[in-house]
Every structure is written in C-alpha cells, then in structure tokens.
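Now for the letters of each chain:
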Amino acid sequence: LKMSWFWLYLPLHLLTATYLCHSIKAPTTSSQQSFKTNLFNFYHSLILADGKETTIHLLKDIPKRYYFVLEEGRILAPFSITVTPCDVPIEWSILVYKSPPAKATPGDHDTQEASKSQKASSMVSTIFNYKGNSVETYMGMSSHSALYLLEFLSTERDTHITVYLTTDTTSGHLYPELPADPRIDVIGIGHTTVTLTWKHSPSVLQHRESIQYCLLVNEKHNYKSLCAAETAIRSSGMKLPPTLALSLSPYLLEPQQVMILSNSELSIINKVSSGEVRQVCMGTKNTYTVPNLSPSTQYYFDVFIVNLLTNASAAYTGTFARTLEEPEPKVTELKDGKVVHVVLDGKKQKFYSLQYQARHKKIHFTFQLCRGQIRVHITRNGKTVASENLSGLRYFSLKGKLLDTYLVQLRSTEESNSSVKVQASPHFHKPLFPLLPESLKIKSFSKLRTCRSVTIAWLGTQEESKYCVYRKRIEEDQIWRELQSADRCSGPESRHKSEKVLCKYFYDLNLQRAVTTETIKGLEAGTLYLFDVYLFGPSGIPVRYHSKVVKTRKKC
C-alpha cells in the first residue's frame, strides 16, 4: 500500500522538480543552500485540492506543508485561501516561488554575478503569514508561472484545521456570507432568559431552504468557528453526532428545535465540567429568546450561519450577557404555636422560606409531611443546624440563645407538588401533635379473614388518646393511586360519613401491651377494602396511620 502511494505521488514531485530546474536555473554558490532547502520543502509537501475543504491534522512543533500550481494559460488568476483553526492558535504562511525574468544582456561580470544572486533570492518570497485562532482568508492574483507553498505549525499541542482553496471566485462561495455588521445584539435580559438579534446574512435571501441559523450557548467563552466549538465540546468527554448533527435534512430539523449535546446524542441541555452547553437551530429567524437559564450567571452566545447542503458555516461575532440576580424569596414569619401549611411546586424546584425569632433558648420544630417528598434545611444565624429529607412526622429540638434567628427552607424533591405542615414553638409549649407510637403501621391477620369480616391491629401509646377507624371499598387498579396520592395531613373531615366504622379510646402504661385490635364486620366477599386509623391528641389535630389494603375471602 505504501509503495502504491509512492508511485502515485512520484510523478507530481518529479513534475515540480522539473518545473523548478527549468524555470529557476542553477543558483549561484551563495544561494545553493536556500535552493536545496526550498526544493526539499516541495518534496515533503502535499498537493492542496482546489474547490474542496481539506481537514489537516497538525502535530505539535512539526510543520506541515501543502502546495498548489494554478491553472496555466492565464497571465493573472484570482484565488482565495481560507484557514479555520479548530482549537488552539496556529501559525501559517504562504510562500510563492516565481521563475526569474528573461536573461539580462551581457555586461560586466561582477554585475552579472550580483544580478544572479539577487534573482535567486527573489525567486522565493513570503506573501502572507498569520498567527492566531481566528478564521482568516487570503485573496490574491496568481501568475501561471508561480508555485505556492502553504506552511502550517502548531506550537501548543496537536490540533486540526480546515483549509479551503478556490480559483473560482465568481460562481459563489462554499461558506455562507456574513452581513457587513456581523455582531450579535442583546436586546433583553431577564432572570432566566436572554433575547438576541442579529442582521440577516445575504445567503439567507439567496438560498433560504438550505441555509439556517444555529445558536451555541455555553458558560465558558465564545468560539470563533463551529469547528472550534465541536472540538471543545468533544474534549469535555461528550459524544457528538457528526458535525453537531447540522448535516441533518432541513425537513428533520424543525424550527426552534433544541438539539442535545450529550452522551445520548440528542437531548436539550448537556451538563459538562464547564457548565451547560446547548445548541438551538431556528431556521431563518434572526431573533431568539434563550429560555431556562440560571439566574446571576454569565453566558456566551455564538451564532453560526450554516449551509445544510455543504455543512459549511460562518461565525458571527460572539457576545455575552449575565442574567439578572434572582429576587430574594419571600420569607414567611413563624409565630409561636401557629401551624403553617406549605404547598411546594415540584416543577419549579424552588425553596420556600420560613423565619422564626426565638424568645426562648429551647425551640421545638414540628414537620408533618402531607404529600410527596420534601427536603428541609434549618439554619440558626446563618449556620446550618439540620438538613434532611422528611418522612411522616418529624421533630427537631434545638438549643440556642435568646433572639436567635432560625430560617427554615423547604423544597420538593420530586416533580409533583408536595405539602407539609410546620410548627415552631418553645420547647415547653403544649405539643401540636399527640404522643406517637413506635410505628404507624396497621397490621391485618390473614387467618382471621373471612368472607364478611377483617381483623386489624395497631399500636397505641402510654397516653390516653382517641382512635377512629375508616374503611373504603376500592378496585384493583385504584390501589397504587390511593396509596400514593393520599394526603397524610387530612383528617376524618375529608371522609364520607358512610366510611366511618368506629371511634375508641385506649392506652397502656406498658408499651409492650399498648396494642389494640378491631374486627370489621359487614363486608362483602372477595372485595378490596382500604382501612385508615386516625389518632387524636390533646390539640385535636389528627395523625393518620399508614393505609392498609385488605381483601376479604371469596369462599368460606
């Protein structure tokens, strides 16, 4: 395989060498070394294709060279070269090798020698060089008797670039055109949104169906090309679709479609070490409001005009904006002994704040989880004293100083709404909730089940309390919904009168014997029933045991 490539390139290099030998003539002794070096460069160069974007991989500190010979037959031919760095800054230059003019008339020997030396040195000249990571285009006029050498070098690390050479400057451009003013304007900033606008590209008016705008949003910095953005995103460990999936058919790429830059190919937002990265393609609209941003965060915005047929793109001048700070959440004051019922929106995932100023050294916080899942965070004078997920009924007894300020923050940990009851009071204050047993589970006895009755049991306490039992007939497909959606803070007042079975008082000073049983009669055979027990304390606020589903026997 290596030999076949050798024989393929050999004629090209022989042609180049022949061109140099016949057009440049033999150099003088003073320029022999320069001539050999230049000839060596050509032998170790590749031909750059005309009219095609070429991807070139560069190794650190190792120059790479490409050359081209433009079409003969024209005295002057226009051409352009566009180089796009895809990562770090690079150095690149264009050298031209021209054949010397016609022989001079015979004259003084010293004059002829000086003239030869001057010709040899003028045969090679650097017409352009650049160092940086911006997209640069060189436009020039070529003589048919000249060879061009492009040299590329990366001094920071291995990288890659794209190079586009064209001699056809009249039939259109590979890259979409940018407007005369390629800046992106920020016309609106909110807490979670930024509105951008930019001037239309002339290419949109000519090729509306195959051209569209794509916006890249990130928290790190602006990118000068789509190629550079792809490289940076890949280096963060993400798996990208080919060229950010911009080569998709315009029929698959719907307006305002948010495309994922994530490990699962397509998603809305991808979290990387440097923050969020998202891409939005919005067709030919030149105004867009970026939603769902974080408050008080600086974002960088880059707009690319993309040709979906060729996958070529051009970058507008990027901009940045900082979203507004989120307003301080409203704080509700807690008063001694007063119960506050808080409903939390799971979709917004925001904290609900309650504040309490201590009038005693010992403070008692009580939380009764009514529905969903909630995270509680308590601080005293700015320092955390408690933080955990709530489950059922939870007490926090805290000791501090007079006039300490307590801040209670509550947040739903699931997407559905959650609710909780909160009370703050001095430690010696009359308790809001009754004394609770070790467990709030209801037990049923399978051996005591009949076609018409069910026997259940539950734990009591050492304090005489009132217990009320309720039953409800349900269907098989209602079990999960009844158990998950039950409001554990609601009392018997929310139940239908027909569901009430009985109320009773009991207690036992010996906790091991503080157990009571009840046989519920008058049931139907082979039927599911939901049983609930409510415990009432001195304050009259009930605590609901965990619901129990039991099915009567079909046959007895």
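Values in this document were obtained by computation on a predicted structure and should not be read as measured data.

## Overview of the overall build of the protein chain
(1) Moving on: Along its length, the protein chain carries six helices and 36 strands.
(2) Moving on: Going through the 556 residues of the protein chain one by one, you find that 42% of them count as buried.
(3) Moving on: Counted over contacts in the protein chain with a minimum sequence separation of 6, partners at least 24 positions apart contribute 76%.
(4) Moving on: In the structure as shown, the protein chain presents an accessible area of about 30,400 Å², 53% of it carried by carbon and sulfur atoms.

## Re the pairing of strand β5 (residues 90–98)
(1) Moving on: With seven of its nine residues buried, β5 lies for the most part within the structure.
(2) Moving on: Where β5 and strand β6 (residues 124–132) come together, eight bridges link them in antiparallel fashion. Paired with isoleucine 90 across the strands is glycine 132, a residue of β6.
(3) Moving on: Bridge count for β5 against strand β8 (residues 146–153) is eight bridges, and the pairing is antiparallel.

## Description of the layout of surface pockets
(1) Moving on: Size it by volume and the largest pocket reaches roughly 860 Å³.
(2) Moving on: Listing elements by their share of the lining of the largest pocket, those giving two or more residues are β2 (52–58), β4 (76–85), β7 (136–143), β9 (159–166), α5 (226–235) and β18 (313–315).
(3) Moving on: Of all the elements, α5 adds the most residues to the lining of the largest pocket, at five residues.
(4) Moving on: Looking at the lining of the largest pocket, its residues break down into 13 nonpolar, 17 polar and seven charged.
(5) Moving on: Here the lining of the largest pocket spans two domains, since at least three of its residues come from each of domain 1 (44–99 + 123–166) and domain 2 (173–238 + 276–327).

## Looking at the packing of aromatic side chains
(1) Moving on: Across all of its chains, the model carries 18 aromatic pairs by this definition.
(2) Moving on: With a centroid separation of 5.5 Å and an interplanar angle of 90°, the aromatic rings of tyrosine 470 and tyrosine 534 are classed as edge-to-face. Within this pair, whereas tyrosine 470 is found in strand β31 (residues 465–474), its partner tyrosine 534 is found in strand β34 (residues 528–536), the two being separated by 64 residues in sequence.
(3) Moving on: The class for tyrosine 534 is buried, based on a relative accessible area of 0%.
(4) Moving on: Of the aromatic side chains, those joined through ring pairs into one cluster are Phe68, Phe79, Trp92, Phe128, Tyr138, Tyr148 and Phe152.
(5) Moving on: Lying across the ring of phenylalanine 396, arginine 394 places its NZ or CZ 4.3 Å from the centre.

## Some thoughts on the state of the cysteines
Covalent bonding between the sulfur atoms of two cysteines defines a disulfide.
(1) Moving on: With the rule as written, the count across this model stands at five disulfides.
(2) Moving on: A sulfur-sulfur distance of 1.5 Å marks the disulfide that ties cysteine 86 to cysteine 227. Measuring the twist about the S-S bond at about 105°, one finds the cysteine 86-cysteine 227 disulfide to be right-handed. Taken as a pair, cysteine 86 in the loop between β4 and β5 and cysteine 227 in helix α5 lie far apart in primary sequence, 141 residues in all. Comparing cysteine 86 with cysteine 227 shows no difference in burial state: the two are buried.
(3) Moving on: Note that cysteine 451 is cross-linked by a disulfide to cysteine 556, the S-S spacing being 1.9 Å. Linking cysteine 451 and cysteine 556, the disulfide has an S-S dihedral of approximately 120° and is accordingly described as right-handed. With a gap of 105 residues between them, cysteine 451 in the loop between β29 (443–444) and β30 (454–459) and cysteine 556 in the segment after β36 (548–551) connect regions that are remote in the sequence.
(4) Moving on: In the protein chain, the bonded cysteines, taken in the order they occur along the sequence, pair up as 1-3, 2-4, 5-8, 6-10, 7-9.

## Side note on the sheet that holds strand β28 (residues 418–426)
(1) Moving on: Spatial strand order, β21-β28-β23-β26: four strands in an open sheet with antiparallel pairing. The open sheet has two free edges, formed respectively by β21 (339–344) and β26 (393–399), since each of these has just one partner strand. Taken pair by pair, the neighbouring strands of this sheet meet at an average axis angle of 20°, ignoring direction.
(2) Moving on: Where strand β23 (residues 362–371) lies against β28, eight bridges are found, and the strand directions are antiparallel. Residue pairing in the sheet places threonine 366 in a bridge with glutamine 423 of β28.

## Considerations on the pattern of salt bridges
Close approach of charged atoms allows side chains of opposite charge to pair.
(1) Moving on: One pass over the full model with this rule turns up 13 salt bridges.
(2) Moving on: Within the structure, one salt-bridge network assembled from shared partners comprises Arg495, Glu499, Asp532 and Arg544.

## A few points about the nonpolar core
(1) Moving on: Grouped together as the largest cluster of nonpolar side chains are 24 residues, with contacts concentrated most on Phe365, Phe367, Ile378 and Leu410.
(2) Moving on: Elements supplying a minimum of two residues to this core: β21, β22 (352–357), β23, β24 (374–380), β26, β27 (405–412) and β28.
(3) Moving on: Broken down by element, the residue count for this core peaks at four residues, all from β23.
(4) Moving on: Core analysis: the next-biggest nonpolar cluster, separate from the first, contains 23 residues, Leu58, Tyr130, Tyr148 and Leu165 among them.

## Comments concerning a nonpolar patch on the surface
(1) Moving on: Nonpolar side chains collect at one region of the surface, where Val186, Ile189 and Leu324 lie side by side and expose about 210 Å² of accessible area between them.
(2) Moving on: Tracing the sequence through the fold places leucine 324 in the loop between β19 (319–322) and β20 (331–333).
(3) Moving on: The class for leucine 324 is partly exposed, based on a relative accessible area of 40%.

## Details of the side chain of serine 419
(1) Moving on: In this structure, serine 419 sits in strand β28.
(2) Moving on: On the accessibility criterion, serine 419 (5% relative accessible area) is buried.
(3) Moving on: Setting aside chain neighbours within four positions, we find serine 419 in contact with His341, Val342, Val343, Leu369, Cys370, Arg371 and Ile374.

## Concerning the sheet that holds β30
(1) Moving on: Here three strands make up an open sheet; going across it, the order is β29-β30-β33 and the pairing antiparallel. Whereas interior strands pair on both sides, the edge strands pair on one side only; in this sheet they are β29 and β33 (515–520).
(2) Moving on: In this structure, β30 lies alongside β33, joined through six bridges in antiparallel fashion. Of the residues in β33, the one forming a bridge with threonine 455 is threonine 519.

## Overview of the environment of serine 80
(1) Moving on: Structurally, the position occupied by serine 80 is in strand β4.
(2) Moving on: Residues serine 80 and threonine 167 lie 87 residues apart in sequence; the distance between their C-alpha atoms is 6.7 Å.
(3) Moving on: Sequence-distant contacts of serine 80, defined by excluding residues within four places in its chain, comprise Thr137, Tyr138, Met139, Tyr164, Leu165 and Thr166.

## Observations regarding the environment of tyrosine 288
(1) Moving on: Along the chain, tyrosine 288 turns up in strand β16 (residues 287–290).
(2) Moving on: What makes tyrosine 288 buried here is its relative accessible area of 8%.
(3) Moving on: As a C-alpha pair, tyrosine 288 and tryptophan 198 span 90 residues in sequence and 9.4 Å in three-dimensional space.

Analysis parameters
- Per chain, residues are indexed from 1 in the order of the written sequence.
- In keeping with the model being predicted, local features are shown solely for residues with a pLDDT of at least 70 and side-chain atom pairs are shown and tallied solely at 80 or more, while totals for entire chains, interfaces and linings include all residues.
- No hydrogens and no water enter the side-chain calculation; it runs on all heavy atoms of the structure.
- A helix here means a DSSP run of H or I that spans at least four residues, while a strand means a run of E at least two residues long, and both kinds are numbered starting from the N terminus.
- For the exposure calls, accessible area comes from a 1.4 Å probe over protein chains only, and a residue counts as buried if that area is under 20% of its type's maximum, exposed if over 50%, partly exposed in between.
- The contact criterion used throughout is that any non-hydrogen atoms of two residues lie within 4.5 Å.
- Under the convention used here, a 1.4 Å probe and the Shrake-Rupley method define accessible areas, while residue burial counts only the protein chains that appear.
- Paired strands, in this sense, are two strands between which DSSP finds at least two bridges.
- Here a cavity denotes grid points, spaced 1 Å and computed from the protein atoms alone, that fit a 1.4 Å probe unable to get out, and a pocket denotes an open set having protein on both sides within 12 Å along at least 5 of 7 lines; residues with an atom within 4 Å of a point are the lining.
- Grid points are joined across faces, edges and corners, and a volume is the space filled by probe spheres set on the points.
- Basically, the charged four are Asp, Glu, Lys and Arg, the nonpolar ten are Ala, Val, Leu, Ile, Met, Phe, Trp, Tyr, Cys and Pro, and anything else, Gly included, counts as polar.
- Where each domain begins and ends follows an automated or database-derived domain assignment.
- Working definition: rings of Phe, Tyr and Trp (its six-membered ring) pair if their centres are within 6.5 Å, and the pair is stacked with planes under 30 degrees apart, edge-to-face with planes over 60 apart, and tilted otherwise.
- Consider the ring centre and the ring normal. A charge sits over the ring if Lys NZ or Arg CZ is within 6 Å of that centre and within 35 degrees of that normal.
- Disulfides are defined in this document as cysteine sulfur pairs within 2.5 Å.
- What counts as an axis is a line fitted to C-alpha atoms, over the stretch in contact for a helix, and the angles between N-to-C directions run from 0 to 180 degrees.
- By salt bridge we mean one thing: a side-chain nitrogen of Lys or Arg within 4 Å of a carboxyl oxygen of Asp or Glu.
- Note on terminology: a nonpolar core comprises buried Ala, Val, Leu, Ile, Met, Phe, Trp, Tyr and Cys residues joined through side-chain atoms within 4.5 Å.
- Every patch collects residues that have over 30% relative accessible area and no salt bridge, joining them within 9 Å if they carry like charges and within 5 Å if they are nonpolar side chains (Val, Leu, Ile, Met, Phe, Trp, Tyr).

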